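Fold and geometry: a report
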Amino acid sequence: MAAQSLEQIVSLCKRRGFIFPGSEIYGGFQGTYDYGPLGVELKNNLRRLWWKHNVYERDDMEGVETAILMSRWVWKYSGHEAEFSDPMVDCKTCKGRFREDKMADAVCLKHSKLHPGECEGEFTEPRPFNMMFKTAVGPVPDPESFAYLRPETAQGMFVNFKNVLDSTNRKLPFGIAQQGKGFRNEITPRNFIFRVRELDMMEIEYFVMPGEDETAHDEWITDHLNWWIDEVGLSRDRLKLYEHPKEKLSHYSKRTVDILYEFPTLGFDELEGFANRTDFDLGSHSRDQDKLGLTAKVMKNDHSTERLTYFDQPNNRHIVPYVIEPAAGVDRGCLAALCEAYDEEVLENGETRIVLRFKPALAPIKVAVLPLARNKPEIVAAAKAIKNMLQASGDLRAVYDDSASIGRLYRRQDEVGTPFCVTVDYDTLGQSRDGGTELKDTVTIRDRDSMKQERIPISELLAYVKARI
Ligand code: GAP
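Residues numbered from 1 in each chain as written. Predicted model: local features only at pLDDT ≥ 70, side-chain atom pairs only at ≥ 80, totals over all residues. Heavy atoms only, no water.

Comments concerning the domain arrangement of the chain
For the chain, the assigned domains read domain 1 (6-70 + 152-337) and domain 2 (365-468). Facing the seven residues of domain 1 at the interface are six residues of domain 2. Both sides together, the interface formed by domain 1 and domain 2 hides about 550 Å², and carbon and sulfur atoms give 50% of it. Looking only at domain 1, the three residues that lose the most surface to domain 2 are Arg16, Leu38 and Glu41, adding up to 63% of its buried area. Connecting domain 1 to domain 2 are three salt bridges. Elements supplying a minimum of two residues to the side of domain 1 that touches domain 2: helix 1 (6-16) and helix 2 (37-56). A breakdown of the residues in the side of domain 1 that touches domain 2 according to their chemical character gives three nonpolar, one polar and three charged. (Domains from an automatic or database assignment. Contact = heavy atoms within 4.5 Å. Buried area = accessible area lost by both parts, 1.4 Å probe. Salt bridge = Lys/Arg side-chain N within 4 Å of Asp/Glu carboxyl O. Helix = DSSP H or I, 4+ residues; strand = E, 2+ residues; numbered from the N terminus. Nonpolar A, V, L, I, M, F, W, Y, C, P; charged D, E, K, R; others polar.)

In structure tokens:
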């Protein structure tokens, strides 16, 4: 079972420290969220899995981290200044401002149970609303001294195409990967972390010879669809592909396909997009465009100092590569993983337990070490030593907890998705009440999903846990 409503997830995230509303003690700040102690672990795990799959495990990828603040010319020639907008309408009755194509996500300011358009409100004609945030730059107030906060990480990779190519001696096809913040002044930020104004992105720009773009496009879609299923644990039934109609493509795209996930309450909506950006971006950011033989229509660039081309040695010519772009939202990835993992299980004794059935690699905490008797110093000391031993392995998060009874501690760990609980008891110390010593230096390890427990030697614990992560 997955979550049945977004409310279940919002409530769990707040209660257990995954995600909090931004600036909450000042009444909140719309479209922003803060990731708490468990949320930051989940987010880091998702980013790490993506980086490993897309950078480390391939031979044709490089990673970068580029600046959020960029020259404003970047956004002029990328087309964002003119095109990165949503259609906005104003309601003449309630004075609300809404995204025309997302009325179903919005609420009328006068009637909180109605969507705009379901009330008596009259709307203005739709007009474009540019979603880039502007910020002042430099110490002297000057209307010309501003920069945009980047709405996508992609342009940082395009403007560095030559730098990466020259410093790595890559041959086509190869790609650049980046993770980082993007900022969008969404007209209607809604649905928890699904649509926010400050978002985390994981993007790839994959450069290919023109003519090899369509095959590469399909390969990336298949590869990432499998990644969401195999590594993030999303169910195939809750994923589908959506082909953007030609007339609705972004200004840079020849073809775009989205992977949609079936979020509770929202239904199927975008998780990741795959655009064939052709030679649009590299061409747009180049000088001497008329000499490049571009296929995309671009704006004449008077500011760039570079030609973003590739020398095609076999044919002794300079070409502008085509680009395939897989672009995913980290926040939406976390939301999908949370919704998929959520389960309410009725136990034999009639109680219901909430359990997050994360893939172990995604779980914020991998192991919780729990003393059976928290008033026995020798058991507490042994449990703390085992926690430290696990933590010393360096690459997993282990915690020690003695703040409640063992049953309650298990429930708490189930609710945050911890795959393993280790219990330290009298037998661990060789002090079992019947006087036996054969269980000395062993612990019980409990599996989150089956709730089955087995007894294993402490010396095998780390290998046992690592093998299952
Ligand atoms: N460079 C291409 C690009 O930015 P996009 O489809 O606009 O493409 C990529 O964004 C991904 O970022 C989306 O598939 C979605 O997962 C996520 N995303 C976009 N806008 C978002 C928002 N306001 N809040 C949360 N995630 C968002």
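That covers the picture; the talk isn't over yet.
A short note on the side chain of aspartate 60
Considering the arrangement of structural elements, one finds aspartate 60 in the loop between helix 2 and strand 3 (61-63). For aspartate 60, a relative accessible area of 14% translates into the label buried. At 2.9 Å, the side chain of aspartate 60 forms a polar contact with the side chain of arginine 58. With near-sequence residues (within four places) excluded, aspartate 60 lies in contact with Arg170, Pro173, Phe174, Gly175 and Tyr206. (Buried < 20%, exposed > 50% of the residue type's maximum accessible area, 1.4 Å probe, protein only. Polar contact = N/O pair within 3.5 Å; in protein donor to acceptor, adjacent residues only side chain to side chain.)

Regarding the nonpolar core
Counting residues in each nonpolar core, the largest one holds 64 residues, and the members touching the most others are Phe18, Trp228 and Phe358. Examining the composition of this core, we find that eight residues originate from one element, helix 9 (residues 330-341), more than from any other. Counting contributing residues per domain, this core is built from domain 1 (6-70 + 152-337) and domain 2 (365-468), each supplying no fewer than three. Core analysis: the second largest hydrophobic core is formed by 20 residues, Ile386, Leu396, Val443 and Ile445 among them. (Core = buried A, V, L, I, M, F, W, Y, C linked by side-chain atoms within 4.5 Å.)

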